Amino acid sequence: MRFEIYTDSDPEWRSVLNEIPAVNKDIYFLQEWYQTWLVHENSQAHCIYAELENYKFLYPFLKRRISKYDLDNVYYDIQTAYGYGGIISNKLQIPVTLQNKLNSIIDEYLFDNNIIAEFIRDHPLIDSIKRSADYSIARKNVFVLTNDLYKVPHKQARQNIAKAKALNMEILIDRDFEYIDEFIELYKKTAGRIKMAEYYWFDKDYFYKIKRKLSGLVTLIHIIFDGEIIASGLLLHYNEKASLHLTASNHNYFNFRPNDFLYYAIIQFSIDNHIEILNLGGGLSKDPNDSLFRFKSKYSDFHKEVYIGKKIINPNIYNKITTEWAKKHPELTSKYSNFFLRYQQEV
């Protein structure tokens, strides 16, 4: 047996990931992806690597210190980075006995290293092995099988795309992030208009880290009208998978439906670049009538549930600090009652 912990600066992380088949990995398991989240999450990036028999396992996570509580030691929690994560393997099928053994080893490591809780954003397309956690549905995502046979299924979407073409809207593929500042400004205005949660108000440095650390694996796709960028999407792509990370649009052009043309452009880019499956994401909730989910569903009826996993490693410490947090912040208890790591929330 082999069990090691890598940091985001260790080349072994990359070496081991290279041994995982494409079907079992995605951009969200790269150390470079984790490096873009260190400041935003105030965390350190680590990765468990384990070998059991001929099976290799990789499990990256963000490790965050728990502070501002009266504790007898230094404690931490862990979570997979924004997007999707979990355990990946070099094999497609893992014996149940081996899964149980690996989970027990990870549990022991986490407890011994003062990690009290674990939050997992489960990858909906990779399911060979899961942590022994409590899973629940977070939402449904819309996926597009991007091949030459694809046709936009929704009549209204097709009409809006035809209207955009008639208006001579243009598609600009921005691989080098030449218009990154324009995208950032448009995203900020969009976030303010739709009142996004504070968590999604990324600073300028976040976008520049994506440009710098994930070069070649990220592309900005812009819609141009009368010489102006009126809609943009930030697409992540790695091997045969792609995910729409963030979008933004100018509300002044809403009547021209530029977002329909943007999604068309993103799907066409995926087809042209031999991506097999595109994740458009879901809505703002798991409500099937969520307006964003319904919009994305115009482009595919392939929907898949996305799960989150929660695991309390040290119940005594977890219960102590969640109780203390509720007493310190009664004004936040209602807002964050469903947040598993709510004790990290401050005013």
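Before going into details, it helps to say that this report is about the structure given with it. (Residues numbered from 1 in each chain as written. Predicted model: local features only at pLDDT ≥ 70, side-chain atom pairs only at ≥ 80, totals over all residues. Heavy atoms only, no water.)

With that out of the way, let us pick up the overall build of the protein. For the protein, the count of helices and strands is ten helices and 13 strands. Scaling as 2.2 N^0.38, a compact globule of 347 residues should have a C-alpha radius of gyration of about 20 Å, and the protein matches this with 21 Å. Viewed in the frame of its principal axes, the protein has a C-alpha envelope of about 65 × 50 × 35 Å. The proportion of buried residues among the 347 residues of the protein is 52%. Taking all contacts inside the protein whose residues are at least 6 apart in sequence as the whole, residues at least 24 apart take part in 73%. For the protein, the exposed surface amounts to about 16800 Å²; the carbon and sulfur share of it is 47%. (Helix = DSSP H or I, 4+ residues; strand = E, 2+ residues; numbered from the N terminus. Rg over C-alpha atoms; globule rule 2.2 N^0.38 Å. Buried < 20%, exposed > 50% of the residue type's maximum accessible area, 1.4 Å probe, protein only. Contact = heavy atoms within 4.5 Å. Areas by Shrake-Rupley, 256 points an atom, 1.4 Å probe, with all protein chains shown as cover.)

Take the environment of Ser-232 next. With respect to the element layout, Ser-232 can be found in strand S10 (residues 228-238). With a relative accessible area of 0%, Ser-232 lands in the buried category. Sequence separation between Ser-232 and Asp-287 is 55 residues; the distance between their C-alpha atoms is 26 Å. Here His-222 takes part through its side chain, which lies 2.6 Å from a polar atom of the side chain of Ser-232. (Polar contact = N/O pair within 3.5 Å; in protein donor to acceptor, adjacent residues only side chain to side chain.)

A few words now on unusual backbone geometry. One non-glycine residue with positive phi stands out, namely Asn-168, at about 65°. Assessed through its relative accessible area of 60%, Asn-168 is described here as exposed. One non-glycine residue, Phe-177, adopts positive backbone phi at about 55°. Along the chain, Phe-177 falls in the loop between strand S8 (170-174) and helix H6 (180-193).

Here the focus is the pattern of salt bridges. Counted by the stated rule, this structure contains 13 salt bridges. Across the pair Lys-241 and Glu-240 runs a salt bridge, and its minimum N-O distance is 3.4 Å. Note on Glu-240: relative accessible area 16%, which makes it buried. In this structure, a network of salt bridges that share partners links the residues Asp-107, Glu-118, Arg-131 and Lys-311. (Salt bridge = Lys/Arg side-chain N within 4 Å of Asp/Glu carboxyl O.)

Before going further, it helps to examine the packing of H6 against helix H7 (residues 204-213). Running from amino to carboxyl end, H6 crosses H7 at an angle of 140°, the nearest separation of the two axes being 11 Å. The angle between H6 and H7 places the two elements in the oblique class. The crossing of H6 and H7 is right-handed. Two secondary-structure elements touch here, H6 through Ile-180, Asp-181, Phe-183, Ile-184 and Tyr-187 and H7 through Lys-204, Phe-207, Tyr-208 and Lys-211. Classifying every residue of the contact of H6 with H7 by side-chain character gives six nonpolar, no polar and three charged. (Axes fitted to C-alpha atoms, helices over the stretch in contact; angles between N-to-C directions. Parallel < 35°, antiparallel > 145°, perpendicular 65-115°, else oblique. Left-handed = near helix turned anticlockwise from the far one by under 90°. Nonpolar A, V, L, I, M, F, W, Y, C, P; charged D, E, K, R; others polar.)

On to the nonpolar core. Judged by nonpolar contacts, the single largest core of 43 residues is most densely connected at Leu-17, Trp-33, Trp-37, Leu-58, Phe-183, Phe-207 and Leu-234. Here this core gets five residues from one element, more than from any other, and that element is H6. Judged by nonpolar contacts, the second largest core, of 31 residues, contains Tyr-150, Ile-161, Ala-242 and Phe-269. (Core = buried A, V, L, I, M, F, W, Y, C linked by side-chain atoms within 4.5 Å.)

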